[in-house]
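Commentary on secondary and tertiary structure
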Amino acid sequence: MFEIINLSTRVENFYLKDITFSVATDSIHMIIGPSGSGKTVLLETIAGFTTNNINISGEVRVDGVDVTNFPPERRNFSYVPQDLALFPHLNVEDNIFFGFNVRNVRGVKKVNQNQNQNMSFDFVIALAQTVGISSFFKRSIDSLSGGERQRVALVRALATGNRHLLLDEPFAGLHVGLKKELWFLLKEIQRKYKLTIIMVTHDIDEAFFLGEHISILIDGRIEQSGLKREARMPQTMAVARFYGLKNIFKAIVEDYSNNNDLNLYIPELKLRLSQEQLAFDLRKVQECLYVGIRSEDITFYDNDNQEAHPNIRGKIISYFEKDHFVMIFFKGDGLDTLMELEMPYSRFKNLGIKEVNLNIQQISLSIDTNYIFPIF
Amino acid sequence: MLFQVTGRSNIFFKRSFILCAFATFGIYFILILSLFYFLNSSTFFNLLLSYRTLYSLVLSLIAASLATILSIAIGVPAAYALSRYNFYGKEFVDTILELPMVVSPAALGAMLLIFFNNPIGLWINEHLINFVFTIAGVVLAQFITTMGIATRLIKTVIDEIPQRYENVARGLGATPLKAFMMITLPLSKRGIISASILTWAKAFGEFGATITIAGSMPANTETLPIAVFMRLSAADIEGTVVMILILTAIGLGILYIYKFFAKRFPYV
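The sections below set out a description of the structure shown in this document.

Parameters at a glance
Residues numbered from 1 in each chain as written. Chains lettered and ligands numbered in written order. Predicted model: local features only at pLDDT ≥ 70, side-chain atom pairs only at ≥ 80, totals over all residues. Heavy atoms only, no water. Helix = DSSP H or I, 4+ residues; strand = E, 2+ residues; numbered from the N terminus. Buried < 20%, exposed > 50% of the residue type's maximum accessible area, 1.4 Å probe, protein only. Contact = heavy atoms within 4.5 Å. Areas by Shrake-Rupley, 256 points an atom, 1.4 Å probe, with all protein chains shown as cover. Pairing = 2+ DSSP bridges. Right-handed = clockwise from strand over helix to strand, strands pointing away. Arc of directions from axis to C-beta. Salt bridge = Lys/Arg side-chain N within 4 Å of Asp/Glu carboxyl O. Buried area = accessible area lost by both parts, 1.4 Å probe. Polar contact = N/O pair within 3.5 Å; in protein donor to acceptor, adjacent residues only side chain to side chain. Axes fitted to C-alpha atoms, helices over the stretch in contact; angles between N-to-C directions. Lys, Arg positive; Asp, Glu negative; His and termini not counted. Core = buried A, V, L, I, M, F, W, Y, C linked by side-chain atoms within 4.5 Å. Phe/Tyr/Trp six-rings, centres within 6.5 Å; stacked < 30°, edge-to-face > 60°. Lys NZ or Arg CZ within 6 Å of the ring centre and 35° of its normal.

1. Examining the overall build of chain B
Assigned secondary structure in chain B consists of 13 helices and zero strands. In sequence order, the secondary structure elements of chain B are arranged as α-α-α-α-α-α-α-α-α-α-α-α-α. Taken over the C-alpha atoms alone, chain B extends approximately 70 × 60 × 30 Å along its principal axes. Here chain B holds 268 residues, and 40% of them are scored as buried. Residue pairs at least 24 apart in sequence account for 75% of intrachain contacts in chain B once pairs closer than 6 positions are excluded. When the accessible area of chain B is evaluated, it comes to approximately 15,300 Å², of which 74% is carbon and sulfur surface.

Below is the structure:
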C-alpha cells in the first residue's frame, strides 16, 4: 500500500503542493494531468530521486513504513520512466537481471532464499514468458521494437521482486493498437502478481482503462481524486477544462422541493431540473453555480420521447465523424448556446441525419439529470 | 527552373563548405610537407636513433602517459560531481577548470615555480618529491596543464548521459557507487577514452609549463617539444625537423588509430 501524505516540494520554479492520496495494495492508481502539471516530479519525489532536495516536506509510506528519508535503493519500488531508460550497453537478459546483479545475488538457490520478495530465477523466466520476451534474451536493446522495449522495461522492473511500481507514461508514443495490447498485458500481470502501481499519464483513455482510482494533477496540485466513476465528473473548472468538457452552464438555485431536492434553473438552456441537495452541497436560494454534463451522457431522439427526463428540441448544426463515434453540435430552439454531444456511429446512422438535413430536421435530446454534476 | 536554381545553389553551398574543410587540411599539410625540404635521409636516421632523441621520445611517452592517468583519475570523479551534484562553490570549481586555457603555459609553469619557492612548496621539495628541474616536474607540469581540460571533456561526456539511467538503476537496488560503476562508467567509456587520448596528445605536446618548471637538460628533462626548441635555438634545423616529425607522427597517428577503431567498434 502506498500512502502519500501532504507531500510538497520545489524543483527550480515549480511547486508540488500538498499532495495526499493513498493506493490500496493490488490496485492501480492513475495520475492524470496536462503537460507540465508535475506528474514526473511527483513520481520522482515518491521514488526518492530528489532526496537531496531540502525543499521536500510530507511523507511517503509503503505498507505502513515511512520511507521518506530512504534512498531509492532501499524503498523497494521499481521505477519505469517515460523513455524506459533501458541500459543500451547491456542486452535484454542483462537488463532484466540487473536487479539481481546489483544485489550481489549469485545463482538460483541464493535467489530463492529471498522468499518474501518473491525473487527467483524461475519467477523471472515465467514472467518473461507471460510478457512474451523470453525468445529474445540475447538481443541488444537497439534492435527492439517499441512494444518489445516496453515489455522488457516491465519485466526488468518486476524481476527485482518489487511489488510496488511507479510508471511514468511508459506507453507514450506507441500507436493505438499496440498501446491497447500493452494495457491488457499490464492489467493481466498486475492481477497475476498482485502489483500496487502508481502510473502517470496525460492520456485520459489510458487512465480510465487501467486505473481503479484516478487523481487529476493540475499545476502541481491534486484537483480531484477518487474512484473511476467519481473521476468521470469533473469537480473543478480546471479539471473540466483538462477533460475538454464543453457542456458547462450557469445554474440558479430556485428553491427546495418538499423532499429537500434542489430545484435548479439553467437560463442558457431554459431548463428546470431537480437535483439531490447532497451532491450539490447546501446552496442558498438564488445562488449561482456551474453545472456540467458529459457529451456522451446526453441522449438523442428523433421524436419527442416519453421519458421523465427533460427534453430540448432543436436542430443539429454540424457533426464530425471520428473513428468510433460522432461528435455533434446541437442548438436548441430559441437558445443561443451550442451543446456538444457524442454517440456511437451506428446509433447516429439510425437517426437518419444527413448533411442536407442540418439546421432543418427537428430533433429532441434528453438529459438524464442523474448525470448533471456541480462544478465548484 | 526554380528546382534547378535551388539545386545549383545547394551544390555550390555544399562544395564551398567542403572546400573550406580541405583548406584546413591543406594549410597544415603544407606546413608538414615543408619540413621535408630540410630533410636528409642519412642524417634523419642518425638523429632519430641517437641517444638524446630516443631519451626525449621515451621521456615524452612516459611523462604524457603518467600525466594522463593522473588527470583522468581525478577528472572522472570531479566531472561526475560537477555534472550530477549541486554543492557550495560548484561555480568556482567549474570556472577554475579553464585556468590552463586562460593563462599561458609559461605562466602556469611560472606559477608552479613560484609555488615551490614558497614554504609549503619548499617543504614538499625537501621531504616528499623534488619537482624543480626534475622528471617529476615534467609530469607535474603536464598534469597541471591537462587536468582542467580532462575534467571539462569528461564532464561533457557525463552531461550527455541522462540521469534517468542511474535513477532506474537505483530503483532496481543499486547504490550510487554501483549505479556509477555499472551504468554511468560503461556508458561514458568511449567518451572517457576519447578524452584520455586528447589529454595525452595535449600532454605529449606540452612545452611552456614543462620548460619553466623542469628546465631543458638534454637526456634528463628534455621532452620532444623542448628538444624542438633547443635544437632550433642552436640553429640545428635538421634536428628540429626530425623532432617535429616524430611529434607529428606519434600525435596524429594515435588520434587517427583511435578514430579508426571508434568507427569499427562503437561501444569500445
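2. A look at the pairing of strand β7 (residues 164–168) of chain A
Along any regular strand the residues' side chains alternate between the sheet's two faces. Residues and elements named next belong to chain A. Of all five residues in β7, five are buried; the element is thus mostly enclosed. Every second residue of β7 is oriented toward a common face, with H164, L166 and D168 on one face and L165 and L167 on the other, all of them buried. Of the strand pairs in this sheet, strand β6 (residues 77–80) and β7 are connected by four bridges, and their pairing is parallel. Counted as the bridge partner of F77 is H164 from β7. In this sheet, strand β8 (residues 196–201) lies alongside β7 in parallel orientation, the contact comprising five bridges. What sits directly across from D168, in β8, is V200. Of the crossover connections in this fold, the one passing from β7 over helix α7 (residues 176–192) to the parallel β8 is right-handed.

3. A few points about helix α6 (residues 105–115) of chain B
Residue and element names in this part refer to chain B. When we look at burial in α6, the residues that qualify are L108, G109 and L112. Projected down its long axis, α6 shows its buried positions confined to an angular sector of 100 degrees, all on one face. On its buried face, α6 sits against α5 (99–102), α8 (135–159) and α11 (208–214).

4. Description of the pattern of salt bridges
Tallying each qualifying case throughout the model produces 20 salt bridges over all chains. E169(A) is the partner of K39(A) in a salt bridge, and the nearest nitrogen-oxygen pair spans 4.0 Å. Placement of K39(A) in helix α1 (residues 39–47) and of E169(A) in the loop between β7 and α7 is noted, with a sequence separation of 130 residues between them. For the pair K39(A) and E169(A), a shared accessibility class is recorded, and that class is buried. We note a salt bridge from R170(B) to E73(A), for which the minimum N-O separation is 2.7 Å.

5. Structural notes on the pairing of strand β16 (residues 311–321) of chain A
Residues and elements named next belong to chain A. In this structure, β16 lies alongside strand β19 (residues 362–367), joined through five bridges in antiparallel fashion. Residue pairing across strands places I312 opposite L365, the latter belonging to β19. Pairing geometry for β16 and strand β17 (residues 325–332), over seven bridges, is antiparallel. Within β17, the residue paired with E321 across the bridge is V326.

6. Topic: the interface of chain A and chain B
By convention, interface size is frequently given as the accessible area that disappears when the constituent parts associate. If you look at the interface, chain A gives 25 residues, while chain B gives 18 residues. Between chain A and chain B lies a buried interface of about 2,000 Å² when both sides are counted; carbon and sulfur atoms form 65% of it. In this structure, the connection of chain A to chain B is made through two salt bridges. Taken together, the connections running from chain A to chain B amount to four residue pairs in polar contact (both at pLDDT 80 or more).

7. Things to note about the sheet that holds strand β2 (residues 14–23) of chain A
All names here are of chain A. Strand order across the open sheet formed by four strands is β2-β1-β4-β5, with antiparallel pairing between neighbours. Edge strands, defined here as strands with exactly one partner in the open sheet, are β2 and β5 (65–66). Bridging between strand β1 (residues 2–11) and β2 involves seven bridges; their strand directions are antiparallel. Bridging from a neighbouring strand, V11 pairs with F14 of β2. Against the sheet, α1 engages β1, β2 and β4 (57–62), with an angle of about 115 degrees to β1.

8. Points about the side chain of R156(A)
Along the chain, the position of R156(A) falls in helix α6 (residues 146–158). Here R156(A) is buried and forms no salt bridge, its nearest opposite-charge partner D83(A) lying at an N-O distance of 7.6 Å. A polar atom in the side chain of R156(A) sits 2.9 Å from the backbone oxygen of L84(A). In this structure the side chain of R156(A) is engaged in a polar contact, spanning 3.1 Å, whose partner is the backbone oxygen of A85(A). Not counting chain neighbours up to four residues away, the residues in contact with R156(A) comprise L84(A), A85(A), L86(A), F87(A), N95(A), I96(A), V168(B) and L172(B).

9. Regarding the nonpolar core
The nonpolar side chains of a soluble globular protein tend to be buried, and buried together. Counting residues in hydrophobic clusters, the biggest one holds 51 residues, and the most contacted among them are I96(A), L186(A) and I216(A). Beyond its immediate stretch of four places on either side in the chain, I96(A) contacts V124(A), I133(A), F137(A), V152(A), V155(A), R156(A) and A159(A). The next biggest cluster of nonpolar side chains, apart from the first, holds 37 residues, and it includes I46(A), Y79(A), L166(A) and A179(B).

10. Some details on the packing of aromatic side chains
Enumeration according to the criterion identifies 22 aromatic pairs over all chains in this entry. Look at F320(A) and F329(A): their rings are 6.0 Å apart centre to centre, the planes differ by 85 degrees, and that puts the pair in the edge-to-face class. With a relative accessible area of 45%, F320(A) lands in the partly exposed category. Considering the side-chain rings of F207(B) and F229(B), the 5.2 Å spacing of their centres and the 50 degrees angle between planes classify their relative orientation as tilted. Of this pair, F207(B) sits in the loop between α10 (176–204) and α11 while F229(B) sits in helix α12 (residues 224–233); the two residues are 22 residues apart in sequence, bridging distant segments of the chain. Under the relative-accessibility criterion, F229(B) is labelled partly exposed at 41%. Clustering of aromatic rings is evident, with ring pairs tying together F87(A), F98(A) and Y165(B). Geometry around F70(A) places R74(A) over its ring, the cationic atom sitting 4.4 Å from the centre.

11. Focus: the sheet that holds β7(A)
Residue and element names in this part refer to chain A. Pairing is mixed in the open sheet, where six strands are placed in the order β6-β7-β8-β3-β9-β10. Every interior strand has two partners, whereas the edge strands, β6 and β10 (221–227), have only one. Direction aside, the axes of adjacent strands within the sheet are offset by 15 degrees on average. Two strands pair when backbone bridges link them, and strand β3 (residues 28–32) and strand β9 (residues 213–218) are joined in this way by four bridges, in the parallel orientation. Among the inter-strand pairings, I32 is bridged to a residue of β9, identified as I216.

Functional significance is not addressed by these values, which are geometric in nature.
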